[in-house]
Amino acid sequence: TLRDLVVNVQPVSFVFEGNPFMVKADLSDFDNIYYDIASKGKVDLGRIYRVFAYHGWDVKGIVETDLSLKGNQADAAAGRYSRLENSGTLKVNEVTIYSDLYPLPFVVDKGVFRFRQDQIRFEDLRTRYGKSTVTLNGTVYNVFNYMAGVGPLKGDLLLHSDSILLNE
């Protein structure tokens, strides 16, 4: 059953193109998911994606992580955020996502995501699609319930753009 399912990813460390990277994850009880995930380092998504490619998609760019995520879904759902031990940063640089679903690529020029308890803060997340450039700042929360499909994603984001071409 989902309650009995346990996934343990032993620490995986490697140096890829001169950049060290480490990830580990322990997940259990997928009815009320318990998680303990850590990631630290820099990785070139394009090079990694070649190994795990998915038809109709392509990803390129650099991601740098320093994350520690630990807690369970019940505490997040009940608002017991002090019991969650989620913290860290994820930095993106020149991440480009291509999909057969869209005629143009999505580009994230730069940005920082800061994780704290059940919140993800966007800091100067600069994105482009075609001729439109948008910068996002703000916070989203209720992330774990949203990912589990049991609640809405909530937040407060400030979107800035000189112009957005809606035809694209």
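Here's what I pulled together on the structure shown here.

Rules of the game
- The numbers attached to residues start from 1 for each chain and follow its sequence in the written order.
- Confidence filtering applies because this is a predicted model: local features only for residues at pLDDT of at least 70, side-chain atom pairs given and counted only at 80 or more, and all residues used for totals across whole chains, interfaces and linings.
- Side-chain measures here rest on the full set of heavy atoms in the structure, leaving out hydrogens and waters.
- Basic side-chain nitrogens of Lys or Arg form a salt bridge, by our definition, when they fall within 4 Å of a carboxyl oxygen of Asp or Glu.
- Helix and strand definitions here come from DSSP, where helices need a minimum of 4 consecutive H or I residues and strands a minimum of 2 consecutive E residues; each element is numbered from the N-terminal end.
- To sort residues, take the accessible area from a 1.4 Å probe on protein chains only and compare it with the maximum for the residue type: under 20% means buried, over 50% means exposed, and anything in between is partly exposed.

Focus on the pattern of salt bridges
1) Next: Counted under the stated rule, the structure contains eight salt bridges.
2) Next: Here Lys-24 and Asp-36 are joined by a salt bridge, their closest N and O atoms 3.8 Å apart. Of this pair, Lys-24 sits in strand E2 (residues 19-28) while Asp-36 is found in strand E3 (residues 34-44), placing the two residues 12 residues apart along the sequence.
3) Next: Judged by relative accessible area, which is 23%, Lys-24 ranks as partly exposed.
4) Next: In this structure, Asp-109 and Arg-128 form a salt bridge, with 2.8 Å as the shortest nitrogen-oxygen distance. With Asp-109 in strand E6 (residues 106-116) and Arg-128 in strand E7 (residues 119-129), this residue pair connects regions lying 19 residues apart in the sequence.
5) Next: Residue classification places Asp-109 among the buried residues on the basis of a relative accessible area of 7%.
6) Next: In this structure, a network of salt bridges that share partners links the residues Asp-75, Arg-80 and Arg-83.

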